[in-house]
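Residue-level listing of the chains:
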Amino acid sequence: MGEDDPDRRSSRRLFEIAYRVSPYRHPVIGYKSIFEKFTRADLLSYYKQRYVPNNLFFVVVGDINPEEVKEQIKQAFADSCRIALAPEILPFEPVQVGPRRVEEEGNVELCYTHLAWHIPSALHSDIPGLGVVSAILGSGRSSRLFRRLREQQGIVQKIDSWIYAPGEQGLFGISAEIEADKYSKAIEEIYHQVEILKEELVSEEELEKIKKQCVAALYASRKTMSGQALDLGSSWLAAQDLNFSELSLERIRTVTSEDVRRIVRTWFREENSVHY
């Protein structure tokens, strides 16, 4: 199904191009050629090695009795023993020293394109500011890229921005669906909007609006018990800090217009870019 979806295919190719040695270049679902070779013994071996008590954490949210929950977990794992975990040594992606551009033809109705730049890990102090940049450029109908390219010029069918900030080097991306005859103009305008952020300071009015959107989005995600659990689990997974998302929110509140310009100039360099 993924191979038949041009959006998924283009996203997969972006990561293959952006990462040369990091495992982030591989699709999470894996490869068909490898999957077809799996045996039952392979699956059981992996399960026994990784699905062990000292390699997991629980997040429980709601109207609960903590002591009862602890006892339930204790009983559930009474017969499960800790085992020694083999260290996971992941290769670190080398710094990109030149722009990467790849174009491929396919039997699709629209052009699916991604413009991306390497960014630091989730713990870096610039990540909250990059979140603000993403909101300015491509988060929602009031963002600059949507208003300029979709509503005013009509040169894209869809456009948004996103951040992939895992444990190591991540990506800031702008993704768009474009009609073939409008492709060149759309790409030119996307880069132009990025250059504007490098040269001109964001107004205080726009910056405050973006900050309020970021705060509202986080609080909206916590309206449900599952949302609160996801927030706590993600914070622990990223930083081993249950308050990590709240800390990030506080940092977003302190981002200035000068910070936005500095961050765009620092990370959105041509030699650090990937375009598929």
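Before reading further, recall that the structure is shown in the block above.
None of the values given here were measured: they were computed from a predicted structure. (Residues numbered from 1 in each chain as written. Predicted model: local features only at pLDDT ≥ 70, side-chain atom pairs only at ≥ 80, totals over all residues. Heavy atoms only, no water.)

1. Notes on the sheet that holds strand E4 (residues 170-178)
- Taken in spatial order, the five strands make up an open sheet running E1-E5-E2-E4-E3, and their pairing is mixed. Every other strand in the sheet has two partners, leaving strand E1 (100-101) and strand E3 (158-164) as the edge strands with one partner each.
- Across seven bridges, E3 lies against E4 in antiparallel orientation. Bridge pairing in E4 links isoleucine 163 to phenylalanine 172.
- Lying over the sheet, helix H5 (residues 127-138) contacts strand E2 (111-119), E3 and E4, oriented at roughly 175° with respect to E3. (Pairing = 2+ DSSP bridges. Helix = DSSP H or I, 4+ residues; strand = E, 2+ residues; numbered from the N terminus. Contact = heavy atoms within 4.5 Å. Axes fitted to C-alpha atoms, helices over the stretch in contact; angles between N-to-C directions.)

2. A short note on the pattern of salt bridges
- For the structure on display, the rule yields 18 salt bridges.
- Where glutamate 16 meets arginine 13, a salt bridge forms, and the shortest distance between an N and an O atom there is 2.7 Å. On the criterion of helical spacing, the pair formed by glutamate 16 and arginine 13 is a turn pair, its members being three residues apart in helix H1 (residues 6-18).
- Judged by its relative accessible area of 15%, glutamate 16 is buried.
- Across the pair arginine 269 and glutamate 271 runs a salt bridge whose closest N-O atoms are separated by 2.9 Å.
- Through salt bridges with shared partners, a single network forms among Glu3, Arg12, Arg13, Glu16 and Glu104. (Salt bridge = Lys/Arg side-chain N within 4 Å of Asp/Glu carboxyl O. Buried < 20%, exposed > 50% of the residue type's maximum accessible area, 1.4 Å probe, protein only.)

3. What to know about the pairing of E4
- Most of E4 is tucked away, with nine of its nine residues classed as buried.
- Where burial is concerned, the two faces of E4 agree: the one with Gly170, Phe172, Ile174, Ala176 and Ile178 and the one with Leu171, Gly173, Ser175 and Glu177 are both buried.
- Of the strand pairs in this sheet, E2 and E4 are connected by nine bridges, and their pairing is antiparallel. Each bridged residue has a counterpart across the sheet, and for leucine 115 the counterpart in E4 is isoleucine 174.
- The turn joining E3 and E4, which pair antiparallel and follow one another in sequence, is formed by five residues.

4. Re the packing of helix H7 (residues 183-199) against helix H11 (residues 257-267)
- Where H7 contacts H11, the axes come no closer than 7 Å and their chain directions differ by 125°. When the axis of H7 is compared with that of H11, the two are oblique. Read as a crossing pair, H7 and H11 show a hand that is left-handed. Within the contact between the two elements, H7 uses Val194, Leu197, Lys198 and Glu199 and H11 uses Val260, Arg261, Val264 and Arg265.
- When grouped by side-chain class, the residues that make up the contact of H7 with H11 number four nonpolar, no polar and four charged. (Parallel < 35°, antiparallel > 145°, perpendicular 65-115°, else oblique. Left-handed = near helix turned anticlockwise from the far one by under 90°. Nonpolar A, V, L, I, M, F, W, Y, C, P; charged D, E, K, R; others polar.)

5. Section: the packing of H5 against helix H8 (residues 204-221)
- Where H5 meets H8, the axes come as close as 10 Å, and the angle between the chain directions of the two elements is 105°. Taken as axis vectors, H5 and H8 run roughly perpendicular relative to one another. For the pair H5 and H8, the contacting residues are Val132, Ala135 and Ile136 in the first and Glu206, Leu207, Ile210 and Cys214 in the second.
- Its residues assigned to classes, the contact of H5 with H8 shows six nonpolar, no polar and one charged.

6. Concerning the side chain of arginine 222
- Within the element layout of this structure, arginine 222 appears in the loop between H8 and helix H9 (225-239).
- Of note is the side chain of arginine 222, whose polar atom sits 3.5 Å from the side chain of aspartate 231.
- If near-sequence neighbours (up to four positions away) are discounted, arginine 222 is found in contact with Gly227, Gln228, Asp231, Ser245 and Glu246. (Polar contact = N/O pair within 3.5 Å; in protein donor to acceptor, adjacent residues only side chain to side chain.)

7. Considering H5
- Taking 1.5 Å of rise per residue, the 12 residues of H5 would be expected to cover 16 Å, and the 16 Å separating its terminal C-alpha atoms lies within 8% of that figure.
- Burial within H5 is extensive, with 11 of its 12 residues counted as buried.
- Listed in full, the buried residues belonging to H5 are Ile127, Pro128, Gly129, Leu130, Val132, Val133, Ser134, Ala135, Ile136, Leu137 and Gly138.
- Directly after H5, the chain includes glycine 140, whose backbone phi takes a positive value near 95°. (Expected span 1.5 Å × (residues − 1).)

8. Let's talk about the nonpolar core
- Among the nonpolar cores identified, the biggest contains 36 residues, and Val133, Leu137, Phe172, Ile174, Val260 and Phe268 are the most heavily contacted of them.
- Elements supplying a minimum of two residues to this core: E2, H5, helix H6 (144-152), E4, H7, H8 and H11.
- Counting residues per element, this core draws most heavily on H5, at seven residues.
- Not counting chain neighbours up to four residues away, the residues in contact with leucine 137 comprise Ser143, Arg144, Leu145, Phe146, Ser161, Phe172, Ile174, Gln193, Val194, Leu197 and Phe268.
- One finds Ile17, Ala18, Ala116 and Leu171 within the second-largest nonpolar core, a separate group that totals 10 residues. (Core = buried A, V, L, I, M, F, W, Y, C linked by side-chain atoms within 4.5 Å.)

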